Structures are given as C-alpha cells and as structure tokens.
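An overview of the molecular structure
One letter stands for each residue in the lines below.
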Amino acid sequence: MTTPPSSHVAAPPAPPGNGGAPGQSGLHSGLKNRHLSMIAVGGVIGAGLFVGSASGITAAGPGILLSYALVGALVVFVMRMLGEMAAANPTSGSFSAYADRALGRWAGFSIGWLYWFFWVVVLAVEATAGAAILTSWVPAVPQWAWALIVMVVLTATNLASVASFGEFEFWFAGIKVVAIVAFIALGGLAMFGLLPGSDNPASGFANLTAHGGFLPNGPSAILTGVLMVVFSFMGSEIVTLAAGESEDPQRAVTKATKSVIWRVGVFYLGSILVVVSLLPWNDPSITKKGSYVAALDSIGIPHAGQFMNVIVLTAVLSCLNSGLYTASRMAFSLGQRGDAPKVFARTNSRGVPQAAILVSVVFGFVAVGFNYVWPDTVFQFLLNSSGAVALFVWLVICFSQLRMRGIILRENPDKLIVRMWLFPYLTWATIAMISFVLVYMLTDDSPGGGRIQVLLSVLLAVVVVAISLLRDRLGRNTEKVSVSSR
C-alpha cells in the first residue's frame, strides 16, 4: 500500500452548460436534498438487520449488542474517513476514485471492479429474496417471474432519471425508518408495562442478564457475533456516490457523515436492545420466527409476521434499487477513468449512464439464473467470492485517507471541512480492527463460512489486481512503441 500517488486525475470537471454535477461529465444534478437525507438515513438499514439478527442473538446472547457496537464503531470511523475525502471532492466514483488518486491506478481499478461485482451479486440475492416473499402472497405467479418483474421495474426506474431513483429510494427508506422507529417506541413502552394491552411481562432490562448472564456463551461469542452482523452494515457508503448528482454535494456529504453515529445507534443498537429486552435471548421463537417478528408477537401485535414481510420486502426493494444505482455509477466512473469500456461513461439526454445500468442489470439477471439453476455450486461460489469485499472496501478507504489528507492539504486546504478524528492514529486503529476481523473469519470453517469467503474473495482480488497491473504494463509498452516510432 505504499504506491506513490498517481498523477492520473480521477474525474475532470464537467464543461459548463452540460447539466453535470460538479466533478462529473454528463450526469445531472437530479437528486434533491430530501432524497440524499433519506438515502443517508435509510441506507444503513438493510434487509440483513431484519433477517440476520436472529442468528447473531442466538450465537452471542445479549452480548450481540457489543458485536453491533463494535461493527457500528467501524462504520462510523470508515464513514468519517470517506466523508473527509468526499466533502473535498464529491464524485460518483467515491472511494474508487480516491484510491486511484492516492494509491495508484491499480487500486482504483481493482476496488472499483470488486465493488461492482459485489453489488451485481447482491442484485441476484435481493431479487430472489423479494420474489420468495411475493410468491408466498401470490403463489399463482412463479418465483422466477416475480424476480423478473422486480428487476425490470427497478431497471426502468433507474433508466428514467436519477430523480426517479431518488424518489423511489426516498419512499423505500422512509418506510424502513418509520417501521424501525415505531418498533422501538412500541417495544420500549412494552418493556416497562406502559403499552396498553401488551402481552409482554414488562421485565424492563432484566432479560439482559437473567438467562446465563450478559455473555452466556462467553466473551468469544462477541467476535462470532461480529462475523454475523458485519455485512448487514454494507450500504452506508452509497450516499457518497449519490452526492455527486445532488444539488449541494458538499453539504449532503457533510450532513450524512456527521449523522452516521446516531443512525447506527438508534436503528441498530436501539432496535436490537428492544428485542433482547423483550425476550430471553434463548427463546425458540427468535430463531423460528425471526427476532423482530418474535418481539412483536410477544407484545400482542396482530399479524406481526405479515407486517414484517412487508417491511423486509421494502428493504429488499430498497437494496435492489440502490444496488443497481451504485453498480452503474461505479461502472460509469471506471469508464471515465479509462478502466472500463468508454461506453460506460456515456450518458443519455436525461443524464443517465444507460450502458452502465444495462450491463450491470444483465449480470444481475445472469446471477439470478445461476441461483435457480446451480444454487449450490456456481451461485454459492459467487456469494463466497464476494463475501469479504465489503471489508476490502473499508480497508482501501482507510489507506486512501492516509494519503489523501496530505494531498487535500497541499492542493485545497479550504476543502478539508470534515476531518477524521485523531488522525492518523484512529485511522491505523481502524485498519487494525478490520484486519483482525478478516483474520478471525479464517477461523470459521463452517460450510459457506468466513474462511471460504475470505479465501475466495482474496483469490478474486488477486486476479483483479493482476489484470490491472498487466493492463498498466501493456499500456506503458504500447506508449513506448508509439514514442519510438515517431
């Protein structure tokens, strides 16, 4: 990670009058401040919070709160670093563009393509999950047809304009936020016997220690919990990619970065605290029904399962919508920098990178097909090989920020309006924490567990980096031949 800064500029300013956002070429400033605000607030609430928290509670007991707190701290630190760079230079390439500038073209190329791959695989996962819920409601329509319908609708939304993406995401995120806030409010009242008609015994915080203690499975379960919850936080960085197409990118990034602490604290720690306070951590209903459904059932909310299915479907559609947007904007940025076909960097009259969107969704469709035809082989390989990419992205953000701080101070010190705390010590501490999580994942040898995810993700990363270095060498050789022939 000691590659000298590249002289390659990430994204040239848009020429006057083209409707482009600052630092963009062809993209329109179609996202309003309310869109960015809700994307920032709701982006951290993924379907993984609703679906995956039950396994974490079962593994760590009430200590899962410490697991969420540790991962939440990582996200806060990483977002602070990313916010520092994004406020100084908002761009649709976000951390990939900053890695390009700070660490070298190999880094920007590699992490950009890995991130794109991560999101096109997520498209397949979320399309399948959404289709499963819709099929349970309307079984006459086969699951593959629902997956196709969902993908087509959200592709059309992204192709229409960035404003239509923002509007859909505004309402999707709004539903998630209202649901979480209502859950915390109702659950909090039931915990202390203040909710009329509640079936819960109103034990306050007694369940946190009454069933084997706060750490019933020992301190090591905290780290096990970390592995189970870390990937549910992926998506908080999307706001920095979207900021490049907003009315006031610098203000949007600054606001999102400063609010990440309370977002993680309220939505994750607050809601999980309610779950493990309402129910004993080893209550069988948590595993059987899911943590949020079990908690709602315990306070007598009718049709809790169907209610949560609606919320989970909303979270899935939100993830699909933002995932397609994110993958296409990363492809657009790679095209701008010459690291992807130039057609990816072209926009239509509405300021939409049409080719980048279509290529991303095609790969998403192919992955959906793999999920139906070869779910336990090809699709499982795709899942495992993208499993640790989120942590690789966070590491690249950390190393980029170490170099970009000096570049910003030299070139535009007045743009350093968001600063990472305790620089560089906290940056290095964050790198150490992320590295520790990756190493600890190697101890998980369960089928599809942490070890296979890290190993396959590292293998994929090595291949992508090798392609990048080979491209650079071939490019230099071509340039030498061209110069010598003159």
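Per an unreviewed UniProt entry, the chain goes by Amino acid permease and derives from Streptomyces sirii. UniProt's Subcellular location (unreviewed entry) comment on the chain is quoted here verbatim: "Membrane".

Details of the overall build of the chain
Counting its secondary structure elements, the chain contains 18 helices and zero strands. Its C-alpha atoms give the chain a radius of gyration of 23 Å, near enough to 23 Å, the size a compact globule of 486 residues would have. Within the chain, residue pairs in contact and separated by at least 24 positions form 80% of the contacts whose partners lie at least 6 positions apart. Roughly 19,100 Å² of accessible area belongs to the chain as shown, and the carbon and sulfur atoms make up 69% of that amount. Positive and negative charge centroids in the chain, built from 28 and 20 side chains respectively, lie 9 Å apart.

Details of the confidence of the model for the chain
The predicted model of the chain averages 85 in pLDDT, with 92% of residues at 70 or higher. Note on residues 1-25: pLDDT under 50 across the span, and 62 contacts to partners over four residues away in sequence or across chains.

Digging into the environment of phenylalanine 399
Among the secondary structure elements, phenylalanine 399 is positioned in helix α16 (residues 389-411). Overall, phenylalanine 399 belongs to the buried group, its relative accessible area being 17%. Between the alpha carbons of phenylalanine 399 and leucine 317 there is a distance of 33 Å; along the sequence they are 82 residues apart.

Re helix α6 (residues 143-160)
With 18 residues, α6 should reach 26 Å at 1.5 Å per residue; the first-to-last C-alpha distance of 26 Å fits that figure. Looking at the buried side of α6, the elements it contacts are α5 (105-137), α7 (162-191), α13 (304-336) and α14 (354-373).

Focus: the packing of aromatic side chains
Tallied over the entire structure, the rule returns 19 aromatic pairs. Between tryptophan 113 and tryptophan 116 the ring centres are 5.4 Å apart and the planes differ by 80 degrees, which places this aromatic pair in the edge-to-face class. Here tryptophan 113 and its partner tryptophan 116 are both found in helix α5, three residues apart, which amounts to about one turn of the helix. Centre to centre, the rings of phenylalanine 168 and phenylalanine 172 are 6.0 Å apart; their planes meet at 70 degrees, and the pair counts as edge-to-face. Of the two residues, phenylalanine 168 and phenylalanine 172 both sit in helix α7, four residues apart, roughly one turn of that helix. Taking the relative accessible area as the measure of exposure, phenylalanine 168 reaches 35% and is therefore partly exposed. The buried category is assigned to phenylalanine 172, whose relative accessible area is 13%.

Let's talk about the environment of arginine 350
On the secondary structure map, arginine 350 appears in the loop between α13 and α14. For arginine 350 and serine 161, which are 189 residues apart along the polypeptide, the C-alpha to C-alpha distance reads 6.0 Å. Filtering out sequence-adjacent residues up to four positions away, arginine 350 remains in contact with His28, Leu159 and Ala160. A polar contact is formed between the side chain of arginine 350 and the backbone oxygen of leucine 159, at a distance of 3.0 Å. Separated by 2.6 Å, the side chain of arginine 350 and the backbone oxygen of alanine 160 make a polar contact.

Description of unusual backbone geometry
Of note, the amide linkage connecting phenylalanine 423 to proline 424 takes the cis form, showing an omega dihedral of 0 degrees. Position of proline 424 relative to the elements: it lies in the loop between α16 and α17 (425-441). Of note, alanine 202 is a non-glycine position whose phi angle comes to about 55 degrees, a positive value. Along the chain, alanine 202 turns up in the loop between α7 and α8 (220-229). For alanine 202, a relative accessible area of 31% corresponds to the partly exposed category.

What about the nonpolar core?
Counting 161 residues, the largest nonpolar core has Phe50, Phe95, Tyr115, Val393 and Trp394 as its most contacted members. It is α5 that provides the largest number of residues to this core, a total of 20 residues.

As for the pattern of salt bridges
Summed over the entire model, instances satisfying the criterion amount to eight salt bridges. Residue aspartate 100 pairs with arginine 337 through a salt bridge whose shortest N-O separation is 3.4 Å. Pair noted here: aspartate 100 is in helix α4 (residues 94-102) and arginine 337 is in the loop between α13 and α14, with a separation of 237 residues, a long-range link. For arginine 471, the salt bridge goes to aspartate 339, with nearest N and O atoms at 3.5 Å. In this pair, arginine 471 is assigned in helix α18 (residues 450-484) and aspartate 339 in the loop between α13 and α14, connecting sequence segments 132 residues apart. What makes aspartate 339 buried here is its relative accessible area of 3%.

Parameters at a glance
Residue numbers run consecutively from 1 along every chain, following the written order of its sequence. Whole-chain, interface and lining totals are the exception, using all residues; otherwise, since this is a predicted model, local features are given only for residues with pLDDT of at least 70 and side-chain atom pairs are given and counted only at 80 or more. Side-chain figures throughout are based on the complete set of non-hydrogen atoms in the structure, without hydrogens or water. UniProt positions are given in the numbering used here, feature names are shortened, and annotations may be inferred rather than shown by experiment. By definition, any uninterrupted DSSP run of H or I lasting at least four residues is a helix, any uninterrupted run of E lasting at least two residues is a strand, and each is numbered from the N terminus. Just to be clear, the radius of gyration here is over C-alpha atoms, and the globule rule we use is 2.2 Å times residues to the power 0.38. Whether two residues are in contact is decided by their heavy atoms, any of which lying within 4.5 Å being enough. Only the protein chains shown count as cover for residues, and the accessible areas themselves come from Shrake-Rupley with a 1.4 Å probe. When charges are counted, Lys and Arg are positive and Asp and Glu negative, with His and the chain ends excluded. Each charge is placed at NZ for Lys, CZ for Arg, CG for Asp and CD for Glu. Per-residue confidence from the prediction method is given by pLDDT, with values spanning 0 to 100. The buried label applies to any residue whose accessible area, calculated with a 1.4 Å probe on protein chains only, is under 20% of its type's maximum; exposed applies above 50%, and partly exposed to all values in between. Expected helix span is computed as 1.5 Å times (number of residues minus one). Whether two aromatic rings pair depends on their centres lying within 6.5 Å, for rings of Phe, Tyr and Trp, where Trp uses its six-membered ring; planes under 30 degrees apart make the pair stacked, over 60 edge-to-face, and the rest tilted. Within 3.5 Å is the distance limit for a polar contact, defined as a pair of N or O atoms, with the added protein rule that one can donate a hydrogen and the other accept it, and that residues adjacent in sequence qualify only through two side-chain atoms. Only buried Ala, Val, Leu, Ile, Met, Phe, Trp, Tyr and Cys residues count toward a nonpolar core, and they belong to the same one when joined by side-chain atoms within 4.5 Å. Any Lys or Arg side-chain nitrogen located within 4 Å of an Asp or Glu carboxyl oxygen qualifies as a salt bridge.

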